[in-house]
Amino acid sequence: MSLVSLGDMAQTFMLRGQINRLKGEVTRTTAELASGQKLDVAQSLNGDTAQLSSYLRAQALIQGYQTAASDQALQAEAMQSAVETVLDLGEGLVSPIMTAAQSLSTQVFDTVARDAQSRLTAAVAALNVSVAGRYPMAGVTSGSPPLPSGELFLAELKTVVDGASTPEEVVSRLSDWFNGSTGYSSAAYAGGDGAKPVQISRTEVVSLSVTANDPEIRRALHGLAVAAMLDAPNISLNAEQRQTLATMAYAELDAGNAAAVNLGARIGTMQQQIDVAQSRNGSEALVFESRIARDIEADPFTLATELEAVQTNLEMVYSITARLSRLHLSDYL
Amino acid sequence: MTIGSALASALSGLTVSARLAEIASNNIANALNDGFAKKQAVVTARMLGDQGAGARVQGVTRSVDELILGDLRLATAAHHFHQSETTFLQGIDTVFGTAEDEGAISNRIAGFEAALTRAQSRPDSDPRLQSVVDAAKWVASGLNDVSKEIQTSRQAAETRISGLVSQLNSDLQRIGELNAKITRISTSGRDSSAIEDQRQQVIDRLASVVPLREEKRPNGAIALFSSGGLVLLDGRAAEFGFTPNAHVMPDETIGSGLSALTFNGQEITLNAQGGRLGVGELTAQFDLRDRLAPQAQAHLDGLARDLVERLQDPAVDPTLGGAAGLFTDAGTAFAAANETGLSGRIAVNAAVSPEAGGALWRLRAGIGAASPGDPGDATILLAMGAKVARSLSPASAALSGQSGSVAELASGLSAGFSVSRLGAERAQSFAATRHETLKAEHLENGVDTDEEMQTLLLIEQAYAANARVIQAADAMMQSILEI
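Since this is a predicted model, take the numbers as computed values, not measurements.

Q: An account of the overall build of chain A is needed here, citing residue identities and associated values.
A: Helix and strand counts for chain A stand at twelve helices and two strands. In summary, chain A has a C-alpha radius of gyration of 39 Å against a globular reference of 20 Å for 333 residues, an excess of more than 25%. In terms of its C-alpha atoms, chain A occupies a principal-axis envelope of roughly 140 × 30 × 25 Å. Counted over contacts in chain A with a minimum sequence separation of 6, partners at least 24 positions apart contribute 79%. Averaging the positions of the 22 positive and the 36 negative side-chain charges in chain A gives two centres separated by 9 Å.

Right, here's the structure in full:
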């Protein structure tokens, strides 16, 4: 530094640099205040943004899981309502079939048989229900109904027991048809495999793979079917034989109802699982939101203080600049 | 002493005062001129034999602190170096996106994963399949954009290098010419300080391109050396050569498509730590073109490759039969040899895009499927989601040693870009501060109008005194003549 003189421009240069720097600070502070977010998040995290990225990803995925969870909840509800309908129909047949098992009257047998047939048709219709354009009990081929119409189903059953001469033969033919690989599973059930497991939260996977081909459904329909064949025109049974058939039908109906209850409980468990997942999603979403906010959000109180300080600073530099510009020897000559 | 010699001395005093006033007014006029060195006159006694006979201006010196000027030039070069690198890294960081940006690559990938989750739950729903395709296109276009930014910067560096080299050559020639002029003027005894000002300005302009050192040579000439030791100008100006490439491709490097810098016909290698040409803007642009941009491109291509390969896996989609999966290399299947530039070519397979003649059910049934298949079958969608989320080691050499899901690899890349950018910004702010400080010190040696005002006061007095002496001598001569 020279002892005799100090260049004019040096002062201007320094002051100008200061003013620019302070103006930059003001811009940054006001932008952060206005948007509520830090301008340079990476700098505040020192470049370590991997965790923030994973929070944001979790947040996006949780939203996806919530949609999936509500889908599965609807699906489970539809399945549960179909199974409940089948169960109700089956349970309603218990006392008529008991009456038929203790009677020898053709009229009773015919009435009970017609009752069973209408219940079977209703059960098939319940399984063929469609919700929002797809068939919940049809598995992956959700675009078309899983079973034929009730009438066709009954007709198919009548051809199965065609020409049977003893109640045992009727029951065993129906049993083979419902349980074998060439009967119900291939001839009547037109749906596909059960749906694959779906992720409904970060940790929960639900497999609503219930279809109309499940053993429980087959058992329940089987239970109704035997009773429905009490008045089948193509089997020749006398009254005692029909009574026996009714007794055996009662046993099958009982087993069928029990199976439907089991299936209902299974679906109920899954519904609970979905519920838990949905509330977990909700609370996790809040947690991640707060973690993200902690990293991204700018504290308005700190910013306001900073802005005050920078403004004061800037005003001081402005007044110094003004004063110094008035200090010239030429003014005093 | 005779009266005549008194008169002569007074006249010389007037001349000196006039000359000093001229210098002072020149200084004041150039008070706002950045590249102007304050002039000071050297006044000595005029001798006639052994006797003093007045004063004369022996010469004009330029008030320049050589040390500070030298440091300032090096600081300017460093400042421009860091400025160039920071601008590039900021550009990449912005386009790739930092974690909180909605359009950041890592968030686009998360969006794609979320869309897949929704489609897995309702594989029969066309809107959900469409949103998967849209999310995939959003990812691909993001990668395309970053690749384009890198390529544009690289091309800009190539163009800038060409401009800088021709500026370097022409400036060195000019300095050589000014050297010759100054030598001619000073050996003939005249004042060369104005030309020296011009020369200083040209050298200062050059200093941002190449960090240089100035050495004095006899008769006012100077020699220039780069901070790495190259002789830029010593009597003769050096010649730099460079052949620009009008369209730089991602896979072109020095020697295979791109030209290196030649110094007097010889190729020289530059490196960002210093090397022969030091740390200035020219080195920065070469570093950008040959190291930073290709590195960024390689990382990006590695990420793109990982994404393409994960979904080109027959275990995920058995219907592929060797053809491209959901993401393609400009429409065809990806082959490992074509990794460079993949991020600029990655696109969503037209087979799943209805507006490109494809069908949405291919997302569910498989790219190579002939028919829509079971509407509720989420097998392939589930396999895609699982593969994208699985922690794997990418096949690309650029990402070796890393492993994670695609989203994790992308966020690792983003963090890497952020860290590079922050490092560059820190280095740049340090260089800027140093440059500012040295510049302020340099400017302190500039014109001080207060000092010039004071000098003018003295000059006025001296001029008045000399004029008074002439008056007195004239009066004396008159009185003698009146005898």
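Q: Give me the lowdown on the confidence of the model for chain B, citing residues and values where you can.
A: Looking at chain B as a whole, its pLDDT mean stands at 92, while 100% of the residues score no less than 70. Quick note on the complex model: pTM equals 0.89, ipTM equals 0.89.

Q: Could you give an account of the side chain of E216(A), with specific residues and numbers?
A: Residues and elements named next belong to chain A. Counting through the fold element by element, E216 comes out in helix α9 (residues 215-228). By relative accessible area, E216 is classed as buried at 18%. Ignoring sequence-local partners within four residues, the contact set of E216 consists of A259, L263 and R266.

Q: Run through the nonpolar core, naming residues and quoting values.
A: Judged by nonpolar contacts, the single largest core of 66 residues is most densely connected at L120(A), L147(A), F153(A), L157(A), Y184(A) and L221(A). Here this core takes ten residues from helix α10 (residues 239-296) of chain A, the largest share from any one element. With near-sequence residues (within four places) excluded, Y184(A) lies in contact with L147(A), F153(A), W177(A), F178(A), Y189(A), A212(A), N213(A), I217(A), R218(A) and L221(A). Among the nonpolar cores identified, the runner-up in size contains 56 residues, and A136(B), L292(B), I367(B) and L409(B) belong to it.

Q: Account for the sheet that holds strand β4 (residues 222-226) of chain B, naming residues and giving values.
A: Residues and elements named next belong to chain B. Taken in spatial order, the four strands make up an open sheet running β3-β4-β5-β6, and their pairing is antiparallel. Of all the strands in the sheet, just β3 (212-216) and β6 (236-237) have a single pairing partner and so form its edges. The pairing of β3 with β4 spans five bridges and is classified as antiparallel. By the bridge assignment for β4, R213 is matched with F225. Set on the sheet, helix α4 (residues 126-187) makes contact with β4, β5 (231-234) and β6; between it and β5 the angle comes to about 25°.

Q: I'd like to hear about the sheet that holds strand β10 (residues 261-263) of chain B, residue by residue, with values.
A: Residue and element names in this part refer to chain B. One open sheet holds the three strands; their spatial order is β7-β10-β11, and the pairing between them is antiparallel. Each of the sheet's edge strands pairs with one partner strand only, and the pair in question is β7 (240-241) and β11 (266-268). As paired elements, β7 and β10 share two bridges and run antiparallel to each other. Residue G241 lies in a different strand from β10, and its bridge partner there is T262.

Q: Describe the pairing of β4(B), with residues and values.
A: Regular strands have side chains that alternate between both faces of the sheet. Residues and elements named next belong to chain B. Most of β4 sits inside the fold, with five of its five residues counted as buried. A two-sided burial pattern is seen for β4, the buried positions comprising I222, L224 and S226 on one face and A223 and F225 on the other. Here β3 folds back onto β4, and the loop between the two strands holds five residues, one of which, N219, carries a positive phi near 65°. In this sheet, β5 lies alongside β4 in antiparallel orientation, the contact comprising two bridges. Bridge assignment links L224 to a residue of β5, and that residue is L233. Linking β4 to β5, which pair antiparallel, is a turn of four residues; within it G229 sits at a positive phi near 105°.

Q: Can you lay out the packing of helix α5 (residues 106-127) of chain A against helix α6 (residues 150-160) of chain A for me, pointing to particular residues and giving the numbers?
A: All names here are of chain A. Axis separation between α5 and α6 bottoms out at 8 Å; the angle between their running directions is 125°. Put simply, α5 runs oblique to α6. For the element pair α5 and α6, the recorded crossing hand is right-handed. Packed against α5, whose contacting residues are Q117, L120, T121 and V124, the element α6 presents G150, E151, F153, L154 and L157 at the interface. Per-class residue counts for the contact of α5 with α6 are five nonpolar, three polar and one charged.

Q: Talk me through helix α4 (residues 94-101) of chain A; I want residue IDs and the actual numbers.
A: All names here are of chain A. Of the residues making up α4, those classed as buried are P96, I97, A100 and A101. For α4, the angular spread of buried residues about the axis comes to 140°, placing them on one side. Looking at the buried residues of α4, the elements they touch are α3 (50-92), α5, α9 and α10.

Q: Mind laying out the interface of chain A and chain B, listing which residues take part and the relevant values?
A: Across the contact, 48 residues belong to chain A and 53 residues belong to chain B. The contact between chain A and chain B buries some 4100 Å² in all, and 59% of this surface belongs to carbon and sulfur atoms. Broken down residue by residue, the surface that chain A buries against chain B is led by M9(A), F13(A) and R57(A), which jointly contribute 15%. Viewed at the interface, chain B and chain A are joined by four salt bridges. Residues R134(A) and D124(B) are paired through a salt bridge, measuring 3.4 Å at the closest nitrogen-oxygen approach. Joining chain A to chain B, the criterion identifies 14 residue pairs in polar contact (both at pLDDT 80 or more). Of the residues forming the side of chain A that touches chain B, the biggest block, 14 residues, is contributed by α3(A). Of the residues that constitute the side of chain A that touches chain B, the class distribution is 23 nonpolar, 19 polar and six charged.

Thresholds applied
Residues numbered from 1 in each chain as written. Chains lettered and ligands numbered in written order. Predicted model: local features only at pLDDT ≥ 70, side-chain atom pairs only at ≥ 80, totals over all residues. Heavy atoms only, no water. Helix = DSSP H or I, 4+ residues; strand = E, 2+ residues; numbered from the N terminus. Rg over C-alpha atoms; globule rule 2.2 N^0.38 Å. Contact = heavy atoms within 4.5 Å. Lys, Arg positive; Asp, Glu negative; His and termini not counted. Charge placed at Lys NZ, Arg CZ, Asp CG, Glu CD. pLDDT = per-residue confidence, 0-100. Buried < 20%, exposed > 50% of the residue type's maximum accessible area, 1.4 Å probe, protein only. Core = buried A, V, L, I, M, F, W, Y, C linked by side-chain atoms within 4.5 Å. Pairing = 2+ DSSP bridges. Axes fitted to C-alpha atoms, helices over the stretch in contact; angles between N-to-C directions. Parallel < 35°, antiparallel > 145°, perpendicular 65-115°, else oblique. Left-handed = near helix turned anticlockwise from the far one by under 90°. Nonpolar A, V, L, I, M, F, W, Y, C, P; charged D, E, K, R; others polar. Arc of directions from axis to C-beta. Buried area = accessible area lost by both parts, 1.4 Å probe. Salt bridge = Lys/Arg side-chain N within 4 Å of Asp/Glu carboxyl O. Polar contact = N/O pair within 3.5 Å; in protein donor to acceptor, adjacent residues only side chain to side chain.

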